[in-house]
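Next come the chains, spelled out residue by residue.
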Amino acid sequence: MSNLINVYQQRPAAAHAESPLFHAGLEQLAGKGSARAGVTVREKKLLGHLTLRGDAKDPAFAGGVHKALGLELPVALTLVAAGDTSLQWLAPDEWLLIVPSGSEFAVEQKLREALEGQHISIVNVSGGQTLLELTGPKVREVLMKSTSYDVHPSNFPAGKAVGTHFAKSQLVIRHTAEDTWELLIRRSFSDYFWLWLQDASAEFGLAIKA
Amino acid sequence: MLHIFCPHCGELRSEEEFHAKGQAHIPRPLDPTACTDAEWGEYLFFRDNPRGIHHELWVHSAGCRKYFNATRHTVTYEILETYKIGEKPSVTAAGTAEKKASDQGVTA
Amino acid sequence: MSQVNRLASGGRVDRSQPLTFSFNGQSYQGFAGDTLAAALLANGVDIVGRSFKYSRPRGIVAAGAEEPNAVLQIGSTEAAQIPNVRATQQALYAGLVASSTNGWPSVNTDLMGILGKVGGKMMPPGFYYKTFMYPQNLWLTYEKYIRKAAGLGRAPTAVDPDSYDYMNQHCDVLVVGAGPAGLAAALAAARSGARVILADEQEEFGGSLLSTRETLDGKPAADWAAQVITELSGMPEVTLLPRSTVNGYHDHNFLTIHQRLTDHLGEIAPLGMVRQRMHRVRATRVVLATGAHERPLVYANNDVPGNMLADAVSTYVRRYGVAPGKQLVLSTNNDYAYRVVLDWLDAGLQVVAVADARSNPRGSWVEEARKRGVRILTGSAVVEAAGSKRVTAARICAIDVQSHKVSSPGEVLDCDLIVSSGGYSPVVHLASHLGGRPTWREDILAFVPGEGGFQKRLCAGAVNGVFGLGDALADGFEAGVSAAAEAGFKAVSASLPQVAVRLEEPSLALFQVPHDKPTARAPKQFVDLQNDVTAAGIELATREGFESVEHVKRYTALGFGTDQGKLGNINGLAIAARSLGISIPQMGTTMFRPNYTPVTFGAVAGRHCGALFEPKRYTAMQSWHLQNGAEFEDVGQWKRPWYFPKAGEDLHAAVARECLAVRNAVGILDASTLGKIDIQGPDAREFLNRVYSNAWTKLDVGKARYGLMCKEDGMVFDDGVTACLADNHFLMTTTTGGAARVMEWLEIYHQTEWPELKVYFTSVTDHWATMTLSGPNSRKLLAEVTDIDLDKDAFPFMTWKEGQVGGVPARVFRISFTGELSYEVNVQADYALGVWEKIIEAGKKHGLTPYGTETMHELRAEKGFIIVGQDTDGSVTPDDLNMGWCVGRTKPFSWIGWRGMNREDSLREDRKQLIGLKPVDPNKVLPEGAQLVFDPKQTVPMQMVGHVTSSYMSVALGYSFAMGVVKGGLKRMGERVFAPLADGSLIEAEIVSSVFYDPKGDRQNV
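Within each chain, residues carry numbers counting from 1 in the order of the written sequence. All chains are assigned letters beginning at A, and all ligands numbers beginning at 1, according to the order in which they are written. Per-residue local features of the predicted model are confined to residues with pLDDT of at least 70, and side-chain atom pairs are confined, for both listing and counting, to 80 or more; whole-chain, interface and lining totals are unaffected and use all residues. Derived side-chain values reflect all non-hydrogen atoms in the structure, with water molecules and hydrogen atoms excluded from consideration.

So, the overall build of chain C
- Helix numbers and strand numbers start at the N terminus; a helix is a DSSP run of H or I with at least 4 residues, a strand a run of E with at least 2. On a plain count of helices and strands, chain C comes out with 25 helices and 50 strands.
- On the principal axes, the C-alpha backbone points of chain C span a range of 115 × 70 × 55 Å.
- A simple rule labels every residue: compare its accessible area, found with a 1.4 Å probe on the protein chains alone, to the largest value its type can have, and call it buried under 20%, exposed over 50%, or partly exposed in between. Within the span of chain C, comprising 1006 residues, buried residues form 62% of the whole.
- Note on definitions: a residue-residue contact is assigned when non-hydrogen atoms from the two residues lie within 4.5 Å. Considering only contacts within chain C whose residues lie at least 6 apart along the sequence, 67% involve residues at least 24 apart.
- Note on areas: these come from Shrake-Rupley sampling with a 1.4 Å probe, and a residue is covered only by the protein chains present in the view. Put simply, chain C shows about 36,700 Å² of open surface, and 53% of that area lies on carbon and sulfur atoms.
- Charged side chains in chain C number 100 positive and 108 negative. The centres of these two groups are separated by 3 Å. For the charge count, each Lys or Arg is scored as positive and each Asp or Glu as negative, with His and the chain ends excluded. Here the site of a charge means NZ on Lys, CZ on Arg, CG on Asp, or CD on Glu.

Structure follows, in structure tokens:
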């Protein structure tokens, strides 16, 4: 295995880390926003993000994933979660696995072991993206300002996740609980999305959670 | 703005999630070197421009990033079907003409 | 003079809330609930503007979106200027400032008016084409004058203080219009449980229900409307959008709605509020209940203020408590118009006479009017209005519609208001936006929406030609039920209020009223008031051979401007058809296109302006770049440090310093923006062989190689270095701008051509941050912060190593884009800034200098390295670039580009080829893009043989140099070319090798 794919621990054991929204100083802003905020934002930062590719139609693949993660492969446009680990369908042969910070190297090795011999790909993309959690009664309206995808609960129940157009760019929207949504954003676009969200939620009141 | 059914996501999505990639079903010649310049030019540069049914290649770029084909009417912009790469269209200009003829009682 | 035309009672206005406003500098008072038009009429303002072409005085004609004359400029300050506001659609607010847009210098004394009056014949249709286009060089002079005189409104020159946004909506049923049919449709659909959006352009929902004299269940119709609105507003899945014009019906049931959230509150939105919102709606089903516009009759001087639409006058009387006159004459061809007569009598005002074109009208309303003593002249019409700034009399004659003749000299009746009704024109605009042609119905003398094609829409009420109130309610309800059912909801049964049954008789086909004189010699009979199109003008157009409706439109300007033919279209068609001896359906209609009424630019832009205009992408080191004074360059959406000026330095000085630092010591560049694609799978290598021009079969693990990517035509479209990380694992880099394009390129070939190849591509551009150390000191510097063995034999050129850099796991690539000893350090982006800062710190004693893209560009050009998109333009093969060494001519698979490179045309020897250019004068820098010629003495136009692609003044070389493409350039080494510049000067340059610096490449290999 090791001579076929180059896998190594990319996250240092101890070093100063800066999430994609580090520069926004969210920690300092926490608690300072509107008291009755319609929208509350939290960056779920520095998690382990792995892109998993494989053949969904091959039972050995689904079986291997289950063996390594204890999670069933999610079907189209859904995500499954257990504790701090979530597995999301991105495409018919592509999933996003989010694991606690620092565990991504071990998880990748475990997956590779379980999927030994199969044509798969696992790529660590932890540094390239982040999750923004939005909670509150007005989140749906902020999303409606931003994306042409229908976020009404009849079309977008909790447990659903879609890649779509957002403002003038793209991201993944994950509906994780009734009033809780997550935006999966790319690092280089994070400032743009952060500006956009501040603007779009201004009329509803915005609060930050550390 | 078109509303396009992505056969991979299994949903209708807005056009802004997609990119159009031109005419579908133009396979790359298996042996390009065996092509004359004229044949290669035909493959490379010449495309149909029908008034009516047209098969097109699209990619769901903001969604699953998968390519698929769409049968679209170039006058009304109606999308009659979308189907995965490797599949054949069920709505074709020839088939439609045939059906029209048989509806009008014309038999071959 | 305060509200001279305000009735003592009645209307939906709030008389306890007087509002002061100004029009053309004069102060007036109206009431809350007024439109600006209602308030102007209440104050007896007859003239609201001057006409477009003839500069005739014009007054308010209508009460809704179809108003052609009262198109005003609003705004008390420069920033608040709003052009093209129809006074009939603008709610009155305290402090509103309005002015005429037409009428320069003043609406009441108008210089153009004199010209217009004498010069009616001077400005026939086709005027602009005929007069102003010749002589052409005078057009600019004319245009200035015409634009000013025409009064198209004026855009503000100051920044708009308001904010605008979008809202994306989805619904099962979108109902357009909240009149009787629309309310019934929305009610039916909502009760079935569907997600419903109801949008209406007016201040209040209810449409005609708010002003009709008819009753529902014996009560005022407005009561029923209020009851329905209350029910709808209590339903969670119903969205009510008042003050919202559905302006565009786009493909696949996508509609745009322009909502004016605060325009009724003031010219600038209250703090924290969005002024206007664009709703972008995707509807499973659409119910168009857009109603109908009353059609005026066309008669002589029908544009003099005091000529109005019958329905509009009813609306002003009943909804606003305003009577725009004292003595009314009605000219009609139908029953409905009699309602205005009854309304006028109810208001205690005088009805002088009714001229009904029909010979023996006996409908219920006609009889009611007759019973109340109204004088009805049958078989007659108002043929001509008298008066200049206000109607003073009407001449009513008996007419013969068949022969289009006046059959009696008629009588002149004193009056100050002539209202006319030529029937109703369904508002088919939205139904036609996608190309659906309306269908003519002879029974109602109107176009109704044609087939909707595959668009999932229904029409209900007056737009469907269902004009009667009871029928419209039923039609609306049924449409609501059907729409919801088609969207998957179960039908509900109707419970609609009762409407009194009346006898209604058909109307008579009358559009242009005949005159004693031929049309061309009669006083002007206006068809399109906004564009000053007359019946005579349309006849002239047909005589001059313009037979297609689209040509007539363009020749006369019928239906142009903000008007879009709302009032004049059908009359114009009828006149053209009669003139050509064909029927109206044979004539057909023009196309209707979005938008239905004007939309502000703010609403179109939404939040996509200012800082949010475009996404800006930043690297993980952005904060350092900002702190260290970087100037930035846009590369695609990325912001890249362009150069890092020190105090007093300009671009040139900073770049010269940065270049020398790299050549003599060491520099550091943020290269994170380069596209990076992780490639895994047993067929990864084969895939690279197919998409790159060179061979990848023998690239060992641990090594990296430069590759060119071509399109099938053989032309270069991207380049970059790809490293072999493991047998089945590669890391590809692409140009910054090409990253997304290359990713799509790999996927399209994998997904559509070679799905059998076992390979996966994943973008890791954002995951890795990349910092390039370049310069002779780079090894010494890097050694201080890494555990990697940097020995030149252990870590040779074009290889990569894994290790710690600054305490963070890193992949380091020994590749070079400057020609100097270089290392590209890649770390997970979360840790990059810390690593960068450690390198900066350690670099102090090695002369480390941060450099930007400008220095990178110059240094690579000195080495002859290309930049795709700058030195290439999609018409250059690898051989044209003299990069034949990068072409795998013996690769077994016919890789992308190989066949194209071997087309006859791609093999021509005189193709433009990339060469170096050395100006003869070492201080002259060739401008990039300058065209090149072999013989500067030839006559203009010269034969151009190539152009300059990159050009710099090199500090390291001590002279200016450039790269460029020249026909057959590779065989012209040592020859001279010339760049004749726009200022007449000439730069002479020698064709040389494009590698200017360290041609043997010793420096990068040390």
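Once the structure has been displayed, the description carries forward.
Some thoughts on the UniProt feature "domain: Aminomethyltransferase C-terminal" (unreviewed entry) in chain C
- UniProt positions are given in the numbering used here, feature names are shortened, and annotations may be inferred rather than shown by experiment. Under the feature "domain: Aminomethyltransferase C-terminal" (unreviewed entry), the UniProt entry names residues 912-998 of chain C.
- Helix makes up 0% of residues 912-998 of chain C and strand 46%. Its end C-alpha atoms lie 25 Å apart.

Topic: unusual backbone geometry
- In this structure, the amide linkage connecting Pro-594 of chain C to the following residue, Asn-595 of chain C, adopts the cis form with an omega of 0°.
- Secondary-structure assignment places Asn-595 of chain C in the loop between α15 (584-587) and α16 (601-605).
- Phi angles above zero are rare outside glycine, and Arg-65 of chain B is one such case at about 65°.
- Residue position: Arg-65 of chain B is located in the loop between β4 (53-59) and β5 (67-73).
- Look at Arg-65 of chain B and you get partly exposed, because its relative accessible area is 23%.

With respect to the sheet that holds strand β42 (residues 808-814) of chain C
All names here are of chain C.
- Sheet architecture is open: six strands sit in the order β41-β42-β43-β40-β34-β44, paired in mixed fashion. The open sheet terminates on both sides in strands that have one partner only, identified here as β41 (799-805) and β44 (848-850). Neighbouring strand axes in the sheet, compared pairwise and without regard to direction, differ in orientation by 25° on average.
- Strand pairing is assigned whenever DSSP detects at least two bridges linking the two strands. In terms of strand pairing, β42 meets strand β43 (residues 822-828) through four bridges, oriented antiparallel. Each residue of the ladder has a partner; that of Val-812, found in β43, is Val-825.
- Against the sheet, helix α18 (residues 651-664) makes contact with β34 (666-670), β40 (768-774) and β44, and its axis sits at roughly 140° relative to β44, the strand it touches most.
- Geometry is summarised by axes, namely lines fitted to C-alpha atoms with helices restricted to the contacting stretch, and by angles between N-to-C directions that run from 0 to 180 degrees. Seen against the sheet, helix α22 (residues 832-843) touches β34, β40, β41, β42, β43 and β44 and runs at an angle of roughly 15° to β40.

Observations regarding the packing of aromatic side chains
Residue and element names in this part refer to chain C.
- Between the rings of Phe, Tyr and Trp (Trp by its six-membered ring), a pair exists once the centres lie within 6.5 Å; its type follows the angle of the planes, with under 30 degrees stacked, over 60 edge-to-face, and the other angles tilted. Scanning all chains against the criterion turns up 35 aromatic pairs over all chains.
- On the numbers, 6.1 Å between centres and 40° between planes, the contact of Tyr-706 with Trp-885 is tilted. Here the residue Tyr-706 occupies a position in strand β36 (residues 704-710), and Trp-885 occupies one in the loop between α23 (853-862) and α24 (898-901), the gap between them amounting to 179 residues.
- For Trp-885, a relative accessible area of 60% translates into the label exposed.
- Between Trp-745 and Tyr-749 the ring centres are 4.9 Å apart and the planes differ by 65°, which places this aromatic pair in the edge-to-face class.

Description of the domain arrangement of chain C
- The domain architecture assigned to chain C consists of domain 1 (14-135 + 142-150), domain 2 (164-292 + 426-486), domain 3 (296-422), domain 4 (675-763) and domain 5 (909-1006).
- Source of the domain bounds: an automatic or database domain assignment. Measuring from the centre of the C-alpha atoms in domain 2 of chain C to the corresponding centre in domain 4 of chain C gives 54 Å.

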